[in-house]
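Chain by chain, the residues run as shown.
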There are 2 protein chains.
Amino acid sequence: MTKSALQIARAAYKPKVPNVLTSIVEIQEGAPTQSVANQDEVKQLFPNTYGMPLIKFVEGTNRPEYTPINVGVILSGGQAPGGHNVIAGIFDGIKNMNQDSRLYGFILGPGGLVDHNYTELTADIIDEYRNTGGFDIIGSGRTKLEETWQFDKGLEILKKLNIKALVIIGGDDSNTNACVLAEYYAQIGADVQVIGCPKTIDGDLKNEMIETSFGFDTACKVYSEVIGNIQRDCNSARKYWHFIKLMGRSASHIALECALQVQPNIAIISEEIEAKNFSLDDVVNYIADIVAQRAANGQNFGTVLIPEGLIEFIPAMKNLIAELNNYLAHHEDEFKRIKRSAQRAHIIDKLTPVNSKIYASLPETVARQLTLDRDPHGNVQVSLIETEKLLAEMVSNRLDEMAKEGKFVGKFASQVHFFGYEGRCAAPSNYDADYCYSLGYTAAGLIGAGKTGYMSSVRNTTAPAAEWIAGGVPITMMMNMECRHGKMKPVIQKALVDLNGKPFKLFAKNRESWALNTDYVYPGPIQYFGPTEVCDQPTKTLQIERSI
Amino acid sequence: MTKSALQIARAAYKPKVPNVLTSIVEIQEGAPTQSVANQDEVKQLFPNTYGMPLIKFVEGTNRPEYTPINVGVILSGGQAPGGHNVIAGIFDGIKNMNQDSRLYGFILGPGGLVDHNYTELTADIIDEYRNTGGFDIIGSGRTKLEETWQFDKGLEILKKLNIKALVIIGGDDSNTNACVLAEYYAQIGADVQVIGCPKTIDGDLKNEMIETSFGFDTACKVYSEVIGNIQRDCNSARKYWHFIKLMGRSASHIALECALQVQPNIAIISEEIEAKNFSLDDVVNYIADIVAQRAANGQNFGTVLIPEGLIEFIPAMKNLIAELNNYLAHHEDEFKRIKRSAQRAHIIDKLTPVNSKIYASLPETVARQLTLDRDPHGNVQVSLIETEKLLAEMVSNRLDEMAKEGKFVGKFASQVHFFGYEGRCAAPSNYDADYCYSLGYTAAGLIGAGKTGYMSSVRNTTAPAAEWIAGGVPITMMMNMECRHGKMKPVIQKALVDLNGKPFKLFAKNRESWALNTDYVYPGPIQYFGPTEVCDQPTKTLQIERSI
């Protein structure tokens with residue numbers, strides 16, 4: 001492996017950890033817990049792992065005698081900066097308990113457990129990956145661990161390798177499945193503990209006990225770096241509106257965090273669009289009005305942040321997509337026989353009037369994406385829709401109309417960007433490097449304490465690392481019942497942007513000023529070696545949420 | 001202006017400069033110079049500024065008495081990291097000569113000189129912009145200073161402000177024009193010196209005396225950061241081929257430098273494509289073959305770097321575009337009357353057989369871009385063509401054919417990216433911060449020495465900054481005669497990638513290995529505060545060029 005100078009220098013970084021993790025750890029148990037909703041249903045589904053107490057690590061006096069333990073680890077789902085440090089933390093944690101402990105990594109995600117595809121992670125391998133981005137140490141994958149046969153198949157290899165505990169590093173779904181697995185293994189007396197770790201750049205796995213999911217900090221900082229650079233360009237050239245789409249699936253946490261970091265002229269928050277029942281036209285008008293106001297001040301440039309999931313949060317678009325999916329599912333052959341150039345008119349003719357009108361208003365490329373690029377189940381692939389181009393084009397059309405009415409006097413030219421893959425595998429910021437290592441080390445502590453069905457929890461992370469609080473949260477505590485594919489299932493409640501939360505409110509308070517007064521902030525690239533106010537700050541979201 | 005923590009910390013950075021600039025400067029003049037070609041023609045066009053000697057600053061003993069001088073500065077063309085430091089260097093340089101000297105900035109590029117749009121740059125303004133990216137201190141613009149009336153109009157304001165010297169910060173064209181202006185002012189006895197500074201992220205303004213243009217270092221490092229992040233993602237998810245287009249206009253310096261930094265599976269170098277007379281199909285086959293070979297090794301993922309100017313370097317595409325431009329210019333009305341859905345077939349019918357065949361092979365979206373999106377002169381706008389999508393789509397089609405022939409067994413899915421605006425206004429790396437400040441300070445020295453028609457030159461930049469060599473190069477020395485818009489003109493020779501140069505040769509030697517063995521390097525973000533081997537390295541291109 002050829003390494004850059006930064007990779008080499010960064011390898012020597014020692015993550016900062018809570019003081020308690022460097023001491024003799026004892027566990028302090030709280031009162032029994034309840035799930036956030038649907039207590040009866042969740043309790044019934046998790047008889048062995050429901051109601052367990054919160055766990056807090058405290059400094060103890062007597063070091064227990066730990067026997068060697070074999071542990072397995074799985075990276076599940078999309079990459080997030082810091083995954084390697086979670087694994088390094090687990091490794092150091094179980095080695096600290098007993099030097100003869102061993103760590104096995106399952107290859108390319110949960111599929112590796114089912115397919116018995118694994119590797120032992122030894123000290124030399126771990127050292128190669130400390131403080132690096134990516135999940136390439138063992139790879140990740142999107143296989144869902146949901147079926148009993150998978151659990152049984154996995155158990156075969158766990159037994160063969162004498163693995164007594166499995167750590168699943170993943171998002172809300174993967175941690176839900178981790179809990180189902182913990183419950184199943186407890187139920188059949190498999191003697192395998194399962195511990196989860198909160199991962200996702202999207203930031204939508206968080207609650208009272210999980211302040212943030214790892215990777216969100218680094219990814220947002222990378223996006224804010226490049227958005228900041230674009231804003232500086234925008235403010236120098238003074239001739240483009242930049243439409244910038246940001247990853248983050250359904251939730252707009254990333255768009256909101258980046259907005260707080262860079263102070264763009266416009267940021268769309270999907271959750272607000274849905275709450276206000278905005279149509280696509282409302283969004284377009286909102287942007288076009290700000291463009292016109294800035295133009296009136298001689299500023300024919302600006303920036304717009306757009307969350308990836310926007311389209312699905314516009315109620316009218318959701319209805320259109322539902323009708324399209326339904327229509328195309330039932331008329332696939334008929335539709336395919338129609339000449340490409342006539343397809344659009346055909347759809348306009350077939351839809352109900354309200355959806356037909358919306359469909360007709362869409363630019364041709366987007367209309368085509370909505371009818372052609374369907375997934376194997378016949379559904380529109382909303383994630384493929386280039387929302388940034390869609391909005392730029394529709395805003396341009398709207399401004400043309402406004403110009404005729406004398407309501408827009410200026411120039412409008414746009415550039416579009418989409419940032420996602422640029423941030424998911426960045427080398428973790430100091431925050432994520434510290435947080436992830438601590439999460440992994442804490443997971444090892446939970447294993448040492450014989451726990452299962454818990455998520456590793458590290459809190460108070462806006463304080464210096466020494467003061468962070470480490471422990472475990474019963475995963476069932478975060479669950480409620482939701483309808484998935486037509487069936488009620490126990491799942492971890494997804495955290496969308498809270499419109500009554502402090503971060504959104506701060507944004508809402510400032511956005512009018514940011515829209516008209518160019519007040520861009522340029523965060524610059526993540527720094528690893530400089531002053532602490534540059535290198536060790538958590539996200540704005542976390543700082544604002546935890547401010548008094 | 002709200003500032004990020006990094007902006008605040010970075011403001012305190014003191015650029016490192018050549019030792020000679022901190023001493024009493026004397027100038028050492030070399031022998032008379034010649035233009036790189038067409039000596040007679042160039043000499044005739046520049047009777048006052050041709051043949052001047054190279055200038056090297058050396059340590060002197062007697063400090064001359066400098067009278068106060070008013071200086072003007074212009075940022076010309078596309079943004080490049082470090083422009084603000086050039087201005088800070090000029091400011092500090094002329095203030096060092098005499099505290100009563102003044103600096104005026106012309107607003108939004110050369111147009112500001114012609115339109116008498118200016119601002120005085122005082123110490124408090126300069127201090128706000130030290131070590132920052134962007135050109136927003138005075139803005140930039142693309143107005144070309146070419147006409148005598150512009151020179152005369154500019155002279156009015158120069159006289160009014162008692163400006164005795166003008167520094168033009170720009171690329172090859174802007175520096176050519178700076179020299180024309182210098183010659184004109186000398187010829188009419190205007191008593192205004194003109195000095196150029198080599199700016200462009202594209203890296204195509206360089207020669208024996210100008211090692212590199214400023215901004216190239218920082219921009220390439222930003223692009224390499226995000227490409228590295230994508231490669232780490234690519235190597236973790238193991239399911240996508242990422243097609244990444246990079247800015248850089250005609251030259252492929254940026255693509256080559258990034259390739260040397262990140263070691264991608266594939267990098268296309270336009271200059272090589274042209275030299276080998278490759279067709280678009282050849283390029284597609286080259287990529288598809290590597291995809292197939294990697295797939296045979298079980299690696300259905302990879303990265304491809306594509307220079308922005310590629311299409312224009314494919315001789316067959318150049319011919320197609322020329323014929324299209326010609327056809328559409330003469331049949332515009334006829335073409336417009338044809339139904340959109342029939343236009344493609346119409347063009348295929350009208351072109352000569354060889355071009356018709358190429359046109360027919362292009363994906364529909366690109367074919368449409370080639371016929372529809374024409375500039376005000378009726379020409380195809382090649383820069384709008386999404387080459388990254390074009391290649392991804394054509395490679396996909398080719399692989400489908402290869403699969404039928406049993407020559408490709410694997411999966412192919414692609415993601416596309418285009419990086420440009422992300423890097424042009426990044427905060428300058430230490431290298432660019434130092435280099436730019438030194439260029440500006442040197443420009444002030446040339447002004448102090450009464451010179452005109454020179455470009456500020458700072459060399460030996462792979463050594464520590466203390467050992468850098470500062471001085472001036474007569475701009476006429478870099479000129480030759482080239483045909484522009486049908487007329488022979490004196491211009492600075494554009495530096496394309498030298499296929500016999502060491503950087504390309506090193507790339508060519510390694511690319512087969514990089515193609516098949518995943519040997520990605522992850523450079524990470526630019527660091528400003530860490531160890532010198534991380535923070536103070538020039539580009540790989542420069543290091544390799546200047547290695548023995």
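My aim in this report is to walk through the structure given alongside it, one point at a time. Every value quoted in this text rests on a predicted model; they were computed, and no experiment measured them.

This part is about the overall build of chain A. The helix and strand inventory of chain A stands at 22 helices and 15 strands. Relative to a compact globule of 548 residues, whose C-alpha radius of gyration would be 24 Å, chain A shows 25 Å and is just as compact. If one aligns the C-alpha atoms of chain A with their principal axes, the spans along those axes are about 80 × 55 × 50 Å. Here chain A, with 548 residues, has 61% of them falling under the buried criterion.

It is worth spelling out the packing of aromatic side chains at this point. The final tally for this structure, using the stated rule, is 24 aromatic pairs over all chains. Summarising the aromatic geometry, the rings of Phe507(B) and Trp514(B) are spaced 6.3 Å apart at their centres and angled 55° between planes, so their arrangement reads as tilted. Grouping aromatic residues by their ring pairs yields a cluster made of Tyr104(A), Phe106(A) and Tyr118(A). Above the face of the Tyr13(B) ring, Arg10(B) is positioned so that its terminal group lies 4.1 Å from the ring centre.

Rotating chain A by 180° and moving it 0.1 Å along the rotation axis overlays it on chain B with an RMSD of 0.1 Å. These values place the two chain copies in the arrangement generated by a two-fold rotation axis. Mapped onto chain B, 100% of the interface residues of chain A again fall at the interface, so both copies present the same surface.

A few words on the interface of chain A and chain B. Listed per partner, the contact involves 63 residues of chain A and 63 residues of chain B. Taken together, the two surfaces of chain A and chain B that pack against each other cover about 4,600 Å², and 53% of this comes from carbon and sulfur. On the chain A side of the contact with chain B, Arg232(A), Tyr421(A) and Glu422(A) bury the most area, a combined 15% of that side's loss. Where chain A meets chain B, there are six salt bridges. Among the salt bridges present, the one from Arg232(B) reaches Asp136(A), with a minimum N-O distance of 3.0 Å. Viewed at the interface, chain B and chain A are joined by 30 residue pairs in polar contact (both at pLDDT 80 or more). The set of elements that each furnish at least two residues to the side of chain A that touches chain B consists of helix 1 (5–11), helix 8 (216–237), helix 15 (340–350), strand 11 (414–419) and helix 21 (532–535) of chain A. Of the residues forming the side of chain A that touches chain B, the biggest block, 10 residues, is contributed by helix 8 of chain A. Its residues placed into classes, the side of chain A that touches chain B shows 26 nonpolar, 21 polar and 16 charged.

What follows deals with helix 13 (residues 315–330) of chain B. Every α-helix winds through 3.6 residues per turn, so residues three or four apart in the chain are directed the same way. With 16 residues, helix 13 of chain B extends 23 Å between its outermost C-alpha atoms, agreeing within 8% with the 22 Å of an ideal straight helix rising 1.5 Å per residue. Among the residues of helix 13 of chain B, Pro315(B), Met317(B), Leu320(B), Ile321(B), Glu323(B), Leu324(B), Asn325(B), Tyr327(B) and Leu328(B) are the ones counted as buried.

Moving on to the sheet that holds strand 4 (residues 102–106) of chain B. All names here are of chain B. Overall, mixed pairing links the nine strands, which are arranged 1-2-13-12-7-6-3-4-5 in an open sheet. Single-partner strands in this sheet number two, and they are strand 1 (25–32) and strand 5 (118–120). The sheet shows a mean angle of 25° between the axes of neighbouring strands, direction not considered. In terms of strand pairing, strand 6 (residues 163–170) meets strand 7 (residues 193–198) through six bridges, oriented parallel. Bridge pairing in strand 7 links isoleucine 168 to glycine 196.

With respect to the helices, strands and loops of the structure, Asn277(A) is situated in the loop between helix 10 (270–275) and helix 11 (280–296). In this structure, Asn277(A) is in contact with Asp282(A) and Pro315(A), ignoring residues within four places of it in sequence.

With that out of the way, let us pick up the pattern of salt bridges. Throughout the structure, instances matching the rule amount to 56 salt bridges over all chains. The residue Arg546(A) makes a salt bridge to Glu211(A) at a minimum N-O spacing of 2.9 Å. Separated by 335 residues along the polypeptide, Arg546(A) in the segment after helix 22 (540–545) and Glu211(A) in the loop between strand 7 (193–198) and helix 8 bring together distant segments of the chain. The residue Glu386(B) makes a salt bridge to Lys389(B) at a minimum N-O spacing of 3.7 Å. Linked by salt bridges that have partners in common, Lys144(A), Asp173(A), Glu482(A) and Arg484(A) make up one network.

A few words on unusual backbone geometry. Residue and element names in this part refer to chain A. Phi at asparagine 38 is positive, roughly 50°, even though this residue is not glycine. Tracing the chain through its elements places asparagine 38 in the loop between strand 1 (25–32) and helix 2 (39–45). Of note in this structure, asparagine 460 is not a glycine but carries a positive phi near 65°. Counting through the fold element by element, asparagine 460 comes out in the loop between strand 12 (454–459) and strand 13 (469–474). For asparagine 460, a relative accessible area of 19% gives the class buried.

For the structure shown, the criterion picks out zero disulfides over all chains. Note on Cys258(A): no disulfide assigned, nearest cysteine sulfur contributed by Cys220(A) at a separation of 4.7 Å. With no disulfide of its own, Cys425(B) has Cys234(A) as its nearest cysteine by sulfur position, at a separation of 9.6 Å.

It is worth spelling out the side chain of Asn235(A) at this point. Topologically, Asn235(A) is positioned in helix 8. Sequence-distant contacts of Asn235(A), that is, excluding residues within four places in its chain, are made with Phe301(A), Thr518(A), Tyr520(A), Tyr522(A) and Asp136(B).

This part covers the sheet that holds strand 10 (residues 302–307) of chain B. Residue and element names in this part refer to chain B. Ordered in space as 9-10-8-11, the four strands form an open sheet in which the pairing is parallel. Pairing within the sheet leaves two strands with one partner each, and these edge strands are strand 9 (266–267) and strand 11 (414–419). Where strand 8 (residues 241–246) lies against strand 10, six bridges are found, and the strand directions are parallel. Each residue of the ladder has a partner; that of histidine 242, found in strand 10, is threonine 303. The strands touched by helix 11 (residues 280–296) within the sheet are strand 8, strand 9 and strand 10, with strand 8 carrying the most contacts at an inclination of about 145°.

Bringing the pairing of strand 10 (residues 302–307) of chain A into the picture now. Of all six residues in strand 10 of chain A, six are buried, a share of seventy percent or more. Judged by which residues are buried, strand 10 of chain A turns out to be covered on both faces: Gly302(A), Val304(A) and Ile306(A) on one side and Thr303(A), Leu305(A) and Pro307(A) on the other are all buried.

Let's shift gears to the packing of helix 6 (residues 148–160) of chain B against helix 7 (residues 172–187) of chain B. Residues and elements named next belong to chain B. It is at 11 Å that the axes of helix 6 and helix 7 come closest, and there the two elements cross at 70°. When the axes of helix 6 and helix 7 are compared, the pair comes out roughly perpendicular. In the crossing of helix 6 with helix 7, the sense of the turn from one axis to the other is right-handed. Along the contact surface, helix 6 presents Thr148, Phe151, Asp152, Gly154, Leu155 and Leu158, while helix 7 presents Val180, Leu181, Tyr184 and Tyr185. Per-class residue counts for the contact of helix 6 with helix 7 are seven nonpolar, two polar and one charged.

All names here are of chain B. Within strand 12 (residues 454–459), five of the six residues are buried, leaving the element largely enclosed by the surrounding structure. Here strand 7 runs beside strand 12; their pairing, made up of two bridges, is parallel. Residue pairing for strand 12: isoleucine 195 is matched across the bridge by tyrosine 454. The pairing of strand 12 with strand 13 (residues 469–474) spans six bridges and is antiparallel. Looking at strand 13, one finds that serine 456 is bridged to glycine 472.

Calculation notes
- Residues numbered from 1 in each chain as written.
- Chains lettered and ligands numbered in written order.
- Predicted model: local features only at pLDDT ≥ 70, side-chain atom pairs only at ≥ 80, totals over all residues.
- Heavy atoms only, no water.
- Helix = DSSP H or I, 4+ residues; strand = E, 2+ residues; numbered from the N terminus.
- Rg over C-alpha atoms; globule rule 2.2 N^0.38 Å.
- Buried < 20%, exposed > 50% of the residue type's maximum accessible area, 1.4 Å probe, protein only.
- Phe/Tyr/Trp six-rings, centres within 6.5 Å; stacked < 30°, edge-to-face > 60°.
- Lys NZ or Arg CZ within 6 Å of the ring centre and 35° of its normal.
- Least-squares fit on C-alpha atoms with pLDDT ≥ 70 in both.
- Contact = heavy atoms within 4.5 Å.
- Buried area = accessible area lost by both parts, 1.4 Å probe.
- Salt bridge = Lys/Arg side-chain N within 4 Å of Asp/Glu carboxyl O.
- Polar contact = N/O pair within 3.5 Å; in protein donor to acceptor, adjacent residues only side chain to side chain.
- Nonpolar A, V, L, I, M, F, W, Y, C, P; charged D, E, K, R; others polar.
- Expected span 1.5 Å × (residues − 1).
- Pairing = 2+ DSSP bridges.
- Axes fitted to C-alpha atoms, helices over the stretch in contact; angles between N-to-C directions.
- Disulfide = S-S within 2.5 Å.
- Parallel < 35°, antiparallel > 145°, perpendicular 65-115°, else oblique.
- Left-handed = near helix turned anticlockwise from the far one by under 90°.

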